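A closer look at the structure
One-letter residues, chain by chain:
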Amino acid sequence: GGTTPNYWQGPTASRVLPEWAQGKLTPKPLPLIKKLVAAVTHEGDTVLDLFLGSGTTMVACQDLGRRCIGSEINGDHRDIARARILESVAQLRLF
């Protein structure tokens, strides 16, 4: 058998958080979430994120060709997630 890759290695989170992450308790780096989503799903799969937060998982899914269903009880976080996802979709349409 082979060795299991260490998905936790990679760029560390910056001490200066982007504006959308200010006040969020658990911001996660997009590159890490992309690695995790890619490791456990295939293109076209659907990912369920019941604690959507600021939408990092949904942005990762969009970038990787996965569908994502998300739920977030905090209205402020939902607004941030919606804006990030719309921005991600708009960037994809540019190319």
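Just so you know, these numbers come straight off a predicted model, no measurement behind them.

1. Remarks on the overall build of the protein chain
- The helix and strand inventory of the protein chain stands at three helices and two strands.
- The linear arrangement of helices and strands in the protein chain, starting from the amino end, is α-β-α-β-α.
- Burial statistics for the protein chain: of 95 residues in total, 27% are counted as buried.
- Sequence separation of at least 24 residues holds for 53% of the intrachain contacts in the protein chain that already meet a minimum separation of 6.
- For the protein chain, the accessible surface area stands at approximately 6900 Å², while carbon and sulfur atoms represent 58% of it.

2. Focus: the nonpolar core
- In this structure, Ile-33, Val-37, Val-47, Leu-52, Met-58, Val-59, Ala-60, Cys-61, Cys-68, Ala-81, Ile-85 and Val-89 together form the largest nonpolar core, which totals twelve residues.
- Residue assignment for this core shows that the elements contributing at least two residues are helix H1 (30-40), helix H2 (56-64) and helix H3 (75-94).
- In terms of residues, this core owes the most to one element, H2, which gives four residues.

3. Remarks on H2
- Looking at H2, one finds that the buried residues are Thr-56, Thr-57, Met-58, Val-59, Ala-60 and Cys-61.
- Positive backbone phi, approximately 75°, marks Gly-65, located one or two places after H2.

4. Things to note about the side chain of Ser-88
- Residue placement: Ser-88 occurs in helix H3.
- On the accessibility criterion, Ser-88 (7% relative accessible area) is buried.
- With residues up to four places along the chain from it excluded, the contact list for Ser-88 reads Val-59, Gln-62 and Asp-63.

5. Thoughts on the pattern of salt bridges
- According to the stated counting rule, one finds two salt bridges in the structure shown.
- A salt bridge links Asp-63 to Lys-34, with the nearest nitrogen and oxygen atoms 3.2 Å apart. Residue Asp-63 is located in helix H2, and its partner Lys-34 is located in helix H1; the two are separated by 29 residues in the primary sequence.
- Exposure remark for Asp-63: the relative accessible area of 31% places this residue in the partly exposed category.
- As a salt-bridge pair, Arg-82 and Asp-79 come within 3.2 Å of each other at their nearest N and O atoms.

6. Description of the confidence of the model for the protein chain
- In the predicted model, the protein chain carries a mean pLDDT of 82, and the fraction of residues at 70 or more is 69%.
- Put simply, H3 is where the protein chain has its lowest mean pLDDT, 84, and strand S1 (residues 46-49) is where it has its highest, 97.

7. Details of the pairing of S1
- Covered by surrounding structure in S1 are Val-47 and Asp-49 only, the residues Thr-46 and Leu-48 on the alternate face being uncovered.
- Bridge count for S1 against strand S2 (residues 67-70) is four bridges, and the pairing is parallel. Across the sheet, residue Leu-48 finds its bridge partner in S2, namely Ile-69.
- In the classification by handedness, the crossover that spans S1, the intervening H2 and the parallel S2 is right-handed.

The rules we used
Residues numbered from 1 in each chain as written. Predicted model: local features only at pLDDT ≥ 70, side-chain atom pairs only at ≥ 80, totals over all residues. Heavy atoms only, no water. Helix = DSSP H or I, 4+ residues; strand = E, 2+ residues; numbered from the N terminus. Buried < 20%, exposed > 50% of the residue type's maximum accessible area, 1.4 Å probe, protein only. Contact = heavy atoms within 4.5 Å. Areas by Shrake-Rupley, 256 points an atom, 1.4 Å probe, with all protein chains shown as cover. Core = buried A, V, L, I, M, F, W, Y, C linked by side-chain atoms within 4.5 Å. Salt bridge = Lys/Arg side-chain N within 4 Å of Asp/Glu carboxyl O. pLDDT = per-residue confidence, 0-100. Pairing = 2+ DSSP bridges. Right-handed = clockwise from strand over helix to strand, strands pointing away.

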